[in-house]
Amino acid sequence: MNDAPLVGIIMGSTSDWETMRHAAETLTRLGVPHETKVVSAHRTPARLVDYATNAVGRGLKVVIAGAGGAAHLPGMVASMTRLPVLGVPVESHALKGMDSLLSIVQMPGGVPVGTLAIGKAGAINAGLLAASILATADDALAERLDAWRTAQTDGVAIDPQ
């Protein structure tokens, strides 16, 4: 397996790692090479531009962007790359992530961001969705993803007793 990252996981600050680590863990379990970086839309705008404009050339296929509060990161990245961008709203203290969710999901027409649930569930699903996108062109990954889903189904008890 090639170790070059196919998925970029970015977040606005190190405090977002508690949420975004779940996307990384999901991709690791599925054997999907990925990278993680802090790229703030507000505090490191030059880093953001560099990351987004060079993502295709570096071989990335999907970007997962987690952000809280004003949550501009996913939309800003999406405006600068043709890659699919999956936005994960990070739970904020003031509004419990609703501000993040609305900031990410309300993109103007022409700048799509696939928006997931707030917090851990959204990060896990972003990892799974990124793997699903990649699996359309990777039969081995498709098999691993099918096995993941089978294990998830098998893990649900038929009789709760």
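Here's what I pulled together on the structure shown here. Computed from a predicted model, the values in this text were never measured in an experiment.

### Section: the overall build of the protein
The helix and strand tally for the protein stands at 6 helices and 5 strands. For the protein, the C-alpha radius of gyration of 16 Å lies close to 15 Å, the compact-globule estimate for 161 residues. Considered along the principal axes of its C-alpha atoms, the protein spans approximately 50 × 40 × 30 Å. Across the 161 residues in the protein, those meeting the buried criterion constitute 43%. By sequence separation, contacts in the protein at least 24 residues apart represent 66% of the contacts at least 6 residues apart. When the accessible surface of the protein is totalled, it reaches about 8,500 Å², and 56% of it is carbon and sulfur. Of the charged side chains in the protein, 12 are positive and 14 negative; the average position of the first set lies 8 Å away from that of the second.

### What to know about the sheet that holds strand S5 (residues 114-115)
With respect to topology, 5 strands assemble into an open sheet ordered S2-S1-S3-S4-S5, the strand pairing being parallel. Two strands bound the open sheet, and with one partner strand each, they are strand S2 (34-38) and S5. Where strand S1 (residues 7-11) meets S2, 5 bridges bridge the pair, whose relative direction is parallel. Bridging across to S2, isoleucine 10 finds its partner in lysine 37. Where helix H1 (residues 17-29) meets the sheet, it contacts S1, S2, strand S3 (62-68) and strand S4 (85-90), and its direction lies at approximately 170 degrees from that of S1. Taken strand by strand, helix H4 (residues 98-105) contacts S3, S4 and S5, and its axis lies near 160 degrees from that of S4.

### Details of the environment of glycine 59
Relative to the helices and strands, glycine 59 resides in the loop between helix H2 (45-54) and S3. Of the residues examined, glycine 59 reaches a relative accessible area of 25% and is grouped as partly exposed. Separated by 54 residues in the primary sequence, glycine 59 and proline 5 have C-alpha atoms spaced 7.2 Å apart. Once residues lying within four places of it in the same chain are set aside, the contact partners of glycine 59 are Pro5 and Leu6.

### Quick look at helix H5 (residues 120-135)
Here H5 contains 16 residues, and its C-alpha end-to-end distance of 22 Å stays within 8% of the 22 Å for a straight helix at 1.5 Å per residue. Buried residues of H5: Gly122, Ala123, Ala126, Gly127, Leu128, Ala130, Ala131, Ser132, Leu134 and Ala135, and no others. Turning to H5, the residues buried within the fold contact S1, H1, S3, S4 and helix H6 (139-154).

### Examining the side chain of histidine 22
Among the secondary structure elements, histidine 22 is positioned in helix H1. Accessibility expressed as a relative area gives 8% for histidine 22, which makes it buried. Polar contacts involving the side chain of histidine 22 include one to the main-chain carbonyl oxygen of glutamate 18, which spans 3.4 Å.

### Things to note about unusual backbone geometry
The residue alanine 71 is not glycine, and still its phi comes out positive at about 50 degrees. Here alanine 71 lies in the loop between S3 and helix H3 (73-78). Overall, alanine 71 belongs to the buried group, its relative accessible area being 5%. The backbone phi angle of lysine 96 is positive, close to 60 degrees, even though this residue is not glycine. By secondary structure assignment, the location of lysine 96 is in the loop between S4 and H4. Lysine 96 gets classed as exposed once you look at its relative accessible area, which sits at 53%.

The rules we used
- Residues numbered from 1 in each chain as written.
- Predicted model: local features only at pLDDT ≥ 70, side-chain atom pairs only at ≥ 80, totals over all residues.
- Heavy atoms only, no water.
- Helix = DSSP H or I, 4+ residues; strand = E, 2+ residues; numbered from the N terminus.
- Rg over C-alpha atoms; globule rule 2.2 N^0.38 Å.
- Buried < 20%, exposed > 50% of the residue type's maximum accessible area, 1.4 Å probe, protein only.
- Contact = heavy atoms within 4.5 Å.
- Areas by Shrake-Rupley, 256 points an atom, 1.4 Å probe, with all protein chains shown as cover.
- Lys, Arg positive; Asp, Glu negative; His and termini not counted.
- Charge placed at Lys NZ, Arg CZ, Asp CG, Glu CD.
- Pairing = 2+ DSSP bridges.
- Axes fitted to C-alpha atoms, helices over the stretch in contact; angles between N-to-C directions.
- Expected span 1.5 Å × (residues − 1).
- Polar contact = N/O pair within 3.5 Å; in protein donor to acceptor, adjacent residues only side chain to side chain.

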